[in-house]
Amino acid sequence: MADTDDIVRYYDQTWFDYRLLWTRNHHMHFGFWDATTRNQAESLAAMTRATADGNVRPGERILDAGCGVGGPALWLARHYDAEVVGVSLSDAQIAKAREHADREGLADMVRFERADFTATAFADASFDVVWAQESVCHVPADAKKAFLAEAERVLRPGGRLVMEDWFRPATIERDADAALLQDWLDKWAISGLATVAEFRAWAEAAGFTDFCHRDLTVGARPSLRRLYALSLACYPVGVALRALRLRSATQHANMQGGRLQWHAHRRGLWSIRAVSARKPDAQTAGHHPEGQGTS
Ligand code: SAH
């Protein structure tokens, strides 16, 4: 199971691979392809757009939980005129994200700091949206629940949780399939995926209502396939560099994960979804399990 040190090590050691093969516009997630998508950079922005569509409004204050090197936060600031605070576990990512905000002239709207999204120092009810793109998958089930409780705390009444994340199916029949899924996740410092039903139950237990999810897997498929092809192409060089100890075990595993995610996809072992949920308005917040927020 990946702990926070594993997550930081994974991202800090694999930055070179991300930079070389994947990240454009500072986005570090899978891409989304439709008839209008022309290249990798557009596909990455399109995934953020597909997640934000209908869930974010102009001028909102957003917490980006697991912000990477800032791509989605900068995109949200630019397209929604949003004020964004991004948090990541990695100091190196925060430094890069700040650099990117400066370079793009958005440093007055977007701020980054190192924090664990399961326990932040932000004030209660201080955000309109808590955004999490391919980040909550990293942490184990208990921490996923802690994230949901923290999101509920920092959202204003009527505020929204908006996520793009990976989910496992309700049942995985074959042991070999369960092992394949876990092997891939371990290589990417991901503790384990929730089912949609589990995640919904945890969100509702944390006080959220109006839980919605949309399957984006078909649109992401070209992106998954692209990563698979890149991983295959780089594999011989990767094996040689690993044998020479010029690449670490973490870096080598990252490349292997690029192949395994595709096999797991072909076996139907995971889906990519946009998820949203709402913190009840102050008038209805009396239904909150702990009775908080009643007016
Ligand atoms: N959302 C960004 C980055 C995705 S990579 C993007 O789409 O481009 C996953 C991110 O989640 C990394 O920045 C990692 O540091 C962060 N993360 C994982 N667990 C976290 C935690 N407990 N607290 C804060 N950030 C976390």
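Each remark here, short or long, concerns the structure printed above.
Summary of the structure given here. This structure is a prediction, so every number in the text was calculated from the model and none was measured. (Residues numbered from 1 in each chain as written. Predicted model: local features only at pLDDT ≥ 70, side-chain atom pairs only at ≥ 80, totals over all residues. Heavy atoms only, no water.)

## What about the packing of aromatic side chains?
- Enumeration according to the criterion identifies 18 aromatic pairs in this entry.
- Judged by centre distance (5.5 Å) and plane angle (75°), the ring pair of Trp-184 and Trp-188 falls under edge-to-face.
- Ring centres 4.6 Å apart and planes at 50° place the aromatic pair Trp-184 and Trp-270 in the tilted group. With Trp-184 in helix α6 (residues 175–187) and Trp-270 in the loop between α9 (249–266) and β7 (271–278), this pair connects stretches of sequence that are 86 residues apart. Summarising the burial analysis for this pair, Trp-184 and Trp-270 share the class buried. (Phe/Tyr/Trp six-rings, centres within 6.5 Å; stacked < 30°, edge-to-face > 60°. Helix = DSSP H or I, 4+ residues; strand = E, 2+ residues; numbered from the N terminus. Buried < 20%, exposed > 50% of the residue type's maximum accessible area, 1.4 Å probe, protein only.)

## Some details on the site of the ligand
- Residues in close proximity to the ligand total 20 residues, the closest being Met-28, Gly-66, Gln-93, Phe-117 and Gln-133.
- The contact in question runs from an oxygen atom of the ligand to an N or O atom on the backbone of Gly-68, over 3.0 Å.
- For the ligand, a nitrogen atom lies 2.9 Å from a polar atom in the backbone of Gln-133.
- Among the residues forming the shell around the ligand, the class breakdown is nine nonpolar, nine polar and two charged. (Near = heavy atom within 4 Å. Polar contact = N/O pair within 3.5 Å; in protein donor to acceptor, adjacent residues only side chain to side chain. Nonpolar A, V, L, I, M, F, W, Y, C, P; charged D, E, K, R; others polar.)

## A look at the pattern of salt bridges
- One pass over the full model with this rule turns up 21 salt bridges.
- Glu-113 is paired through a salt bridge with Arg-111; the nearest N and O atoms lie 2.6 Å apart.
- Look at Glu-113 and you get partly exposed, because its relative accessible area is 25%.
- Accessibility expressed as a relative area gives 39% for Arg-111, which makes it partly exposed.
- The partner of Glu-152 in a salt bridge is Lys-279, and the shortest N-O contact between them spans 4.0 Å. You can see Glu-152 sitting in helix α5 (residues 141–154) and its partner Lys-279 sitting in the segment after β7, a full 127 residues away along the chain. (Salt bridge = Lys/Arg side-chain N within 4 Å of Asp/Glu carboxyl O.)

## Concerning helix α7 (residues 196–205)
- Buried within α7 we find Val-196, Phe-199, Trp-202 and Ala-203. All buried residues of α7 fall inside an arc of 130° around its axis, so they share one side. For α7, the exposed residues set more than 90 degrees away from the buried face come down to Ala-197 and Ala-205.
- Each element contacted by the buried residues of α7 is listed here: α5, β5 (155–167), β6 (209–215) and β7.
- Backbone geometry just downstream of α7 places Gly-207 in the positive-phi region, at approximately 110°. (Arc of directions from axis to C-beta. Contact = heavy atoms within 4.5 Å.)

All quantities given are derived from atomic positions and should not be read as evidence of function.
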